[in-house]
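A structural walkthrough
Residue strings, one per chain:
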Amino acid sequence: MIKAVKFGGSSLADASQFKKVAGIIKSDPDRKYVVPSAPGKRFQGDTKVTDLLYKCYGEAKVNNDFTETLSLIKSRYDEIIKELGIEMSLDEEFARIKEKLQTEENSDYAASRGEYLNGLVLAEYLGFEFLDSARVIKFDKNGAFLDEETNEALQKALSQMENAVLPGFYGSMPDGSIKTFSRGGSDITGSILARALHADVYENWTDVSGFMAADPRIVEGAKSIDIITYKELRELSYMGASVLHESAIFPVRKEGIPVNIRNTNDPEAEGTLIVESTLHVPEHTLTGIAGKKGFAAVSIDKDMMNSEIGFGRKVLEVFEKNGLSFEHMPSGIDTMTVIVSMEDFISKEHQVIAQLHQAVAPDSIDLEANLSLIAVVGRGMKNGVGIACKVFQALADSGISIKMLDQGSSELSIIVGVEDKHFEDAIKAIYKAFFN
Ligand code: ASP
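Residues numbered from 1 in each chain as written. Predicted model: local features only at pLDDT ≥ 70, side-chain atom pairs only at ≥ 80, totals over all residues. Heavy atoms only, no water.

Turning our eyes to something else, we now look at the site of the ligand. Around the ligand lies a shell formed by Ser-37, Lys-48, Thr-50, Glu-115, Phe-169, Arg-183, Gly-184, Gly-185 and Ser-186. Here an oxygen atom of the ligand sits 3.4 Å away from a polar atom, N or O, in the side chain of Lys-48. In this structure, an oxygen atom belonging to the ligand sits 3.0 Å away from a main-chain N or O atom of Ser-186. Expressed as a share of its isolated accessible area of 260 Å², the protein-covered part of the ligand is 93%. One can see that the ligand is located within the largest pocket. Among the residues making up the shell around the ligand, the classes are represented as one nonpolar, five polar and three charged. (Near = heavy atom within 4 Å. Polar contact = N/O pair within 3.5 Å; in protein donor to acceptor, adjacent residues only side chain to side chain. Areas by Shrake-Rupley, 256 points an atom, 1.4 Å probe, with all protein chains shown as cover. 1 Å grid on protein atoms, 1.4 Å probe; cavity = no way out; pocket = protein on both sides within 12 Å on 5 of 7 lines; lining within 4 Å. Sits in = over half its atoms within 2 Å of the grid points. Nonpolar A, V, L, I, M, F, W, Y, C, P; charged D, E, K, R; others polar.)

Shown next as C-alpha cells:
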C-alpha cells in the first residue's frame with residue numbers, strides 16, 4: 001500500500017504537534033510521502049506563519065522595516081528545532097529570504113516560505129528526503145496550474161526517492177519564479193502527490209475528526225460523516241462547508257483515489273472517507289447540510305412570458321454583461337427569478353434593472369434581499385420517498401417560510417432559500433428531522 005499524507009498547519013504548529021505527526025508517520029510504513037503546511041495557530045488569537053509572511057512582504061513592498069516580523073517567524077522555527085532536539089540551522093535560509101524579499105515583485109515567494117521551511121525541518125526530523133516543490137509543481141507563465149507536466153516531473157523525481165517531504169502550497173513558473181495556489185492550497189499539493197504515486201489513499205490530517213454533517217458552530221455535536229462521495233462533497237463545499245480546499249478533489253478524482261480526512265489530535269478516529277462512489281448504505285438519508293447567507297432574488301414578471309421565445313436568454317445576458325454569476329433560477333408561468341450574491345449585485349442594481357427593462361420590457365421587477373440558500377445533500381435521497389416533505393415539515397414546524405426551492409434532476413440535493421434571519425434555525429430544524 002502507498003499512502004500520500006498531508007498535514008495541515010495546526011498539525012505542525014509547534015514541536016509537540018511535530019512529535020504527534022512523526023508518531024503517525026512512523027506508526028505505518030505505508031506513509032512514506034508527506035506534504036506539510038506551514039506552522040498554523042498554536043492557540044486562539046495566534047497568527048499563522050503564512051499570515052506573518054504576507055505581512056513581511058507588505059512591509060518590504062512599502063520599504064518599511066520587516067526585520068522584526070521576519071525574526072518573529074524565525075523564532076517560531078528555531079523553537080520547533082530546539083524542542084525537537086535536531087541539529088540544524090535555518091540562519092542561511094533566512095538570510096536568503098531577507099535578501100529576496102527586498103526585490104520580489106509579488107507576494108507568492110514570501111507566502112511559500114512557510115511550507116518550504118517547514119518541509120526542511122520535517123524532512124530532517126523524520127530522516128526523509130526533501131523535494132522542493134519548485135522543482136516539480138509547474139505553472140504556466142500566466143500562473144495556471146499544469147497538471148500533466150507536473151504529474152510527469154513529480155513521478156520522475158519520486159521514482160528515485162524511497163521517501164520524501166514535498167512542501168505544500170507552491171510550485172514554480174517557467175522563469176523559475178515561485179507561484180502559490182490559493183489559500184489552503186497545501187490540500188491540492190497532497191492530492192497531486194497522491195495522483196503521482198498512484199496512492200491507495202490520500203490521508204489529509206487536520207484538527208477535526210472528519211467532515212461534519214452540519215456546521216458544528218450551528219448544530220452542537222453534529223455527527224461526522226463516515227463516507228461521502230466526491231459529488232456530495234462538492235455540493236457541500238460549494239455551499240460553504242470547509243474542510244478541504246475546493247480544488248483538492250480534482251487530481252485524485254482522475255485516479256479514483258479515496259481521500260481520508262483524519263485528526264492528528266485523535267489518530268484513532270477513522271475520520272471521513274471521500275470516494276468516487278460507494279455501495280455503502282448511508283446510516284442516514286442525508287449526508288450533510290450546508291448553506292450560505294447573503295443572496296438576493298431578482299424576480300421578473302411579465303404576462304405571457306412563457307410563450308416568448310428567448311426571454312430567459314435575454315434576461316441572463318443582462319446578468320452576464322454585468323459580470324454577475326447566478327446561483328439558481330426558479331421560474332413560474334409569468335415570472336422568472338434569478339438568485340445572485342447580494343454583495344455583487346447591490347452596487348449594480350440600478351443599471352441591471354434598467355437594462356432588464358430594455359431587454360425584455362417586463363411588467364414589473366421585484367427585489368428581495370437577505371436570502372440564505374441551504375443545500376440538503378445526500379446520495380441516499382435518490383431512492384427515498386417523502387424526503388422533500390420531511391424537509392418542508394421541519395421548516396414549517398419551526399415557523400420558517402420557504403422562499404425558494406430547487407431540486408436538481410440528479411436528486412443529489414435539494415436547495416431551499418429562507419430569510420437570512422432564519423438561516424441557523426432552518427439548519428438546526430432539518431438536522432434534527434434527519435439525524436436525531
Ligand atoms: N499555509 C497556506 C495557508 O495558510 C496553505 C495551506 O495551509 O494550505 O493558506
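Read on, since the account is not over.
Turning next to the pairing of strand E8 (residues 259–263). Burial runs high along E8: five of the five residues are buried. Burial of the side chains of E8 extends over both faces: Val-259, Ile-261 and Asn-263 are buried on one face and Asn-260 and Arg-262 on the other. As paired strands, strand E6 (residues 201–206) and E8 are joined by five bridges and run parallel to one another. Bridge pairing links Glu-203 to Asn-260 in E8. Pairing between E8 and strand E9 (residues 272–275): three bridges, direction antiparallel. (Buried < 20%, exposed > 50% of the residue type's maximum accessible area, 1.4 Å probe, protein only. Helix = DSSP H or I, 4+ residues; strand = E, 2+ residues; numbered from the N terminus. Pairing = 2+ DSSP bridges.)

So, on to the environment of Ser-325. Inspection of the secondary structure assignment puts Ser-325 in the loop between helix H11 (311–321) and strand E11 (326–328). Between the C-alpha atom of Ser-325 and that of Arg-253, which follows or precedes it by 72 residues, the distance is 26 Å.

The strand order across the open sheet built from seven strands is E3-E2-E1-E6-E8-E9-E7, with neighbouring strands paired in mixed fashion. The sheet terminates laterally at strand E3 (164–165) and strand E7 (227–229), the two strands that pair on one side only. Relative to E6, strand E1 (residues 3–7) is paired through five bridges, and the arrangement is parallel. By the bridge assignment, Lys-6 is partnered in E6 with Asn-204. Across the sheet, helix H5 (residues 108–126) lies against strand E2 (31–36) and E3, angled at about 155 degrees from E2, the strand it touches most. In this fold helix H8 (residues 186–197) packs onto E1, E2 and E6, with an angle of close to 150 degrees to the strand it touches most, E2. (Contact = heavy atoms within 4.5 Å. Axes fitted to C-alpha atoms, helices over the stretch in contact; angles between N-to-C directions.)

Read these as spatial facts, not as claims about activity.
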